[in-house]
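# Structure at a glance
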Amino acid sequence: MLLFAVLFVLVPSCTDKEEPIPAYLHIPLIELEVPADGTQGSNAHDILDAWVYVNGQLIGVFEMPATIPILSSGSSRINVFAGVKDNGLTNKRIRYPFYRSFDTDMDLTPGTVDTLVPKIVYNQNAKFSWLEDFEDGSISLEKSGNFTTVDSLYITENPADVYAYNGTTNLRSGAADIPGGAHIFENRTVQSYALPRSGQDVYLELNFKCNTEIVIGLYPVTSNVVQEFPLVNLYSTLDEFGEMQWKKVYISLVADVNNPAYTGAEFKPFISAQTNKAQESKLFFDNIKLVHF
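Now for a description of the structure that goes with this document. What you are looking at is a predicted structure, and each value in this text was computed from that prediction instead of being measured. (Residues numbered from 1 in each chain as written. Predicted model: local features only at pLDDT ≥ 70, side-chain atom pairs only at ≥ 80, totals over all residues. Heavy atoms only, no water.)

Right, let's get into the overall build of the protein. Of regular secondary structure, the protein possesses 1 helix and 22 strands. Computed over C-alpha atoms, the radius of gyration of the protein comes to 26 Å, more than 25% over the 19 Å expected from 2.2 N^0.38 for 293 residues, which places it beyond the range of a compact globule. Taken along the three principal axes of its C-alpha coordinates, the protein extends 110 × 55 × 45 Å. In the protein, which comprises 293 residues, the share counted as buried stands at 43%. A separation threshold of at least 6 residues defines the contact pool for the protein, and within that pool the share at least 24 residues apart is 74%. Accessible surface, the protein: about 15,600 Å² in total, of which carbon and sulfur atoms supply 51%. The distance from the centre of the 20 positive side-chain charges to the centre of the 35 negative ones in the protein is 5 Å. (Helix = DSSP H or I, 4+ residues; strand = E, 2+ residues; numbered from the N terminus. Rg over C-alpha atoms; globule rule 2.2 N^0.38 Å. Buried < 20%, exposed > 50% of the residue type's maximum accessible area, 1.4 Å probe, protein only. Contact = heavy atoms within 4.5 Å. Areas by Shrake-Rupley, 256 points an atom, 1.4 Å probe, with all protein chains shown as cover. Lys, Arg positive; Asp, Glu negative; His and termini not counted. Charge placed at Lys NZ, Arg CZ, Asp CG, Glu CD.)

Printed below as a string of structure tokens:
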């Protein structure tokens, strides 16, 4: 009997390719720049995310600080857009439409980390219908609401309560004190605003801190009829040590402004709070902007 042995030799069909080495872009934060003449209000912002494009392609959306791998090398066009929380919702992040992109050319080298701090400005077509920073000593809001029991909006110059107090340009903020017990506070703008009704973005920006819940809304003014509707609830900003911390919110108004029920209306933004607790409630506001195209 003959025995045959068959030898199988496994030969790889191809060789493994080396993984490309990325270049890295480190973005620790994004800054906002505004004109010194105050026509766009303050540079207060809450830009959390960087939307990064390289040579026209979206690389991704990155919460900062971020170190971003980029599979490009050599001279590259970098575009960075600023991302924020829409209506203060952590799970709803958007590219804020009123901030222009930061654009630059960089020479990217594989394995090298380059640091970039984008400086963002407002879109040149952005219109600021209402700006309120309380720095001129006046208040552009007034008591409103049929059941309001407290009208205590005032200007504070207490450094501990003023947003980003610096002794020169940031000296004042708006404040309201609501005593213990059942109370309703509400203030709306003195002026009404004609806002675009063709689907353009409309946002209300503001800085706030508080130890109770706040409601932000609009009054549509049609002829002699004025009826409020709430938009967003802002919650207490007390930290784990019981200290109020300033926050920034971007509130979208476009859906409500374009509601067919309000055709022909102008609008008055309002701030309100309804309390029923033993201790005093305190509200603080600053850098309010009504922005649209």
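This next bit is on the packing of aromatic side chains. Under the criterion given, the structure shown has 15 aromatic pairs. Between Phe98 and Phe293 the ring centres are 4.5 Å apart and the planes differ by 35°, which places this aromatic pair in the tilted class. Of this pair, Phe98 sits in the loop between strand S7 (93-95) and strand S8 (102-108) while Phe293 sits in the segment after strand S22 (281-292), placing them 195 residues apart in sequence. Residue Phe98 is classed as buried on the basis of its relative accessible area, which comes to 0%. Grouping aromatic residues by their ring pairs yields a cluster made of Tyr96, Phe98, Tyr99, Tyr122, Phe128, Tyr203, Tyr250 and Phe293. Above the plane of the ring of Tyr219 lies Arg188, whose end atom (NZ or CZ) is 4.6 Å from the centre. It is Lys248 that lies over the ring of Tyr250; its NZ or CZ is 5.3 Å from the centre. (Phe/Tyr/Trp six-rings, centres within 6.5 Å; stacked < 30°, edge-to-face > 60°. Lys NZ or Arg CZ within 6 Å of the ring centre and 35° of its normal.)

Moving on to the pattern of salt bridges. Using the criterion set out here, one finds 11 salt bridges in the structure. Notably, a salt bridge pairs Asp86 with Lys92, separated by 3.4 Å at the nearest N-O pair. Residue Lys92 is classed as partly exposed on the basis of its relative accessible area, which comes to 37%. Salt bridges here are not isolated pairs; linked through shared partners, they connect Asp49, Glu63 and Arg93. (Salt bridge = Lys/Arg side-chain N within 4 Å of Asp/Glu carboxyl O.)

With that settled, the discussion passes to unusual backbone geometry. In this chain, Met64 is followed by Pro65 through a cis amide linkage whose omega measures 0°. You can see Pro65 is positioned in the loop between strand S4 (57-63) and strand S5 (66-70). Even without glycine at this site, Phe134 takes up a positive phi of about 65°. Within the secondary structure, Phe134 sits in the loop between strand S11 (127-132) and strand S12 (141-143). In the Ramachandran plot, Ala164 falls in the positive-phi region, its phi being about 50° despite a non-glycine side chain. Looking at the secondary structure, you find Ala164 in the loop between strand S13 (154-156) and strand S14 (173-178). Relative accessible area serves as the criterion here: at 40%, Ala164 is assigned to the partly exposed category.

By size, the foremost hydrophobic cluster in this structure holds 34 residues, and its most contacted members are Ile214, Leu283 and Phe285. Every element with two or more residues in this core is listed here: S14, strand S16 (202-210), strand S17 (214-222), strand S19 (229-234), strand S20 (247-252), strand S21 (266-277) and S22. For this core, the element with the most residues is S16, which contributes 5 residues. Contacts of Phe285, omitting those with residues within four sequence positions, involve Phe134, Leu153, Ser173, Gly174, Leu206, Asn207, Phe208, Ile214, Trp246 and Ile271. Ile27, Ile30, Ile94 and Phe128 belong to the second-largest nonpolar core, a separate cluster that totals 32 residues. (Core = buried A, V, L, I, M, F, W, Y, C linked by side-chain atoms within 4.5 Å.)

Once that is clear, we can look at the side chain of Lys248. Tracing the sequence through the fold places Lys248 in strand S20. Here the side chain of Lys248 touches Ala44 through a polar contact of 3.3 Å, landing on its backbone oxygen. Within the structure, the side chain of Lys248 is placed 2.7 Å from the side chain of Glu205, a separation counted as a polar contact. With sequence-adjacent residues up to four places away left out, Lys248 is seen in contact with Ala44, His45, Asp46, Glu205, Leu206, Asn207 and Asn287. (Polar contact = N/O pair within 3.5 Å; in protein donor to acceptor, adjacent residues only side chain to side chain.)

Let us look at the sheet that holds S5. Strands belonging to one sheet form pairs held by backbone hydrogen bonds; the direction of such a pair is parallel or antiparallel. Taking strand neighbours across the sheet as the criterion, the 3 strands line up as S5-S1-S9 in an open arrangement whose pairing is mixed. Each edge of the open sheet carries a strand with a single partner, namely S5 and strand S9 (113-115). With direction set aside, neighbouring strand axes in the sheet form an average angle of 25°. Of the strand pairs in this sheet, strand S1 (residues 23-27) and S9 are connected by 3 bridges, and their pairing is parallel. Within S9, the position partnered with Tyr24 by the bridge is Val113. (Pairing = 2+ DSSP bridges. Axes fitted to C-alpha atoms, helices over the stretch in contact; angles between N-to-C directions.)

In short, geometric facts, not functional conclusions.
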